[in-house]
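Examining the three-dimensional arrangement
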Amino acid sequence: MIKFKMIYSRLTYNFYIMQDVKASTQTYGEVVSIRKASELETRLTASSKSNQLAILYFTATWCGPCRFMAPLYTSLASKYPKVLFLKIDIDEASDVAAKWSISSVPTFFFTKNGKEIDKVVGADKSSLENKLAKYAS
């Protein structure tokens, strides 16, 4: 039993190490799911250092308008590969949602150089596309 716990602990530790390494790498053309505050901070710090636009999409599995916006958000990630697209489920990462004062979903924050530059609240496809085109250029 002790040997099993030791192996399990090592596997768990290695899993978290791999998650942190994965969080520090940049991804292009895809949506990155964020599950903890430290992962978000790592991603935002990296995007800030490289002067990269980042979009934070706060969502929930039970949210109908969020499910409506999800395919568009994924297609925008492919269309704008130099933009960092992050997705945060407010139930999985409630600490992140609290830190960003999320009161309704979907909510999209646009950040650059570590600062919030704009946001879209609600399932407004045209507003999201227009603001993305404006800031990604």
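Everything that follows concerns the structure shown earlier in this document.
Described below are features of the structure shown in this document. (Residues numbered from 1 in each chain as written. Predicted model: local features only at pLDDT ≥ 70, side-chain atom pairs only at ≥ 80, totals over all residues. Heavy atoms only, no water.)

Before going further, it helps to spend a moment on the pairing of strand β3 (residues 84–89). Working note: regular strand, side chains alternate between the two faces of the sheet. Counting buried positions along β3 yields 5 of 6 residues, so the element is predominantly enclosed. Pairing between strand β1 (residues 31–34) and β3: 4 bridges, direction parallel. Considered in β3, the bridge of I34 is made with I88. When strand β2 (residues 54–59) meets β3, the two strands line up parallel, connected through 6 bridges. Across the sheet, residue L56 finds its bridge partner in β3, namely L86. Between the parallel elements β2 and β3, the chain passes through helix α3 (residues 64–79) in a crossover that is right-handed. (Buried < 20%, exposed > 50% of the residue type's maximum accessible area, 1.4 Å probe, protein only. Helix = DSSP H or I, 4+ residues; strand = E, 2+ residues; numbered from the N terminus. Pairing = 2+ DSSP bridges. Right-handed = clockwise from strand over helix to strand, strands pointing away.)

Looking now at the packing of aromatic side chains. Summed over all chains, the structure comprises 8 aromatic pairs. Consider the rings of F58 and W100, whose centres lie 6.2 Å apart with planes at 45 degrees: the pair is tilted. Taken together, the residues F58 in strand β2 and W100 in the loop between α4 (94–99) and β4 (107–112) connect sequence positions 42 residues apart. Like W100, F58 is buried. With a centroid separation of 4.9 Å and 55 degrees between ring planes, the pair formed by W100 and F109 is classed as tilted. Across the ring face of F68, the terminal group of K125 is positioned such that the distance to the ring centre comes to 4.2 Å. (Phe/Tyr/Trp six-rings, centres within 6.5 Å; stacked < 30°, edge-to-face > 60°. Lys NZ or Arg CZ within 6 Å of the ring centre and 35° of its normal.)

Bringing the sheet that holds β1 into the picture now. If you walk across this open sheet you meet the 5 strands as β1-β3-β2-β4-β5, and the pairing is mixed. Two strands bound the open sheet, and with one partner strand each, they are β1 and β5 (115–121). Within this sheet the neighbouring strands show an average axis-to-axis angle of 25 degrees, counted without direction. (Axes fitted to C-alpha atoms, helices over the stretch in contact; angles between N-to-C directions.)

In this structure the tally under the stated criterion is 1 disulfide. Disulfide pairing is shown between C63 and C66; the S-S distance is 2.5 Å. Given an S-S torsion of about 75 degrees, the disulfide between C63 and C66 has right-handed geometry. We note that C63, like C66, is buried. (Disulfide = S-S within 2.5 Å.)

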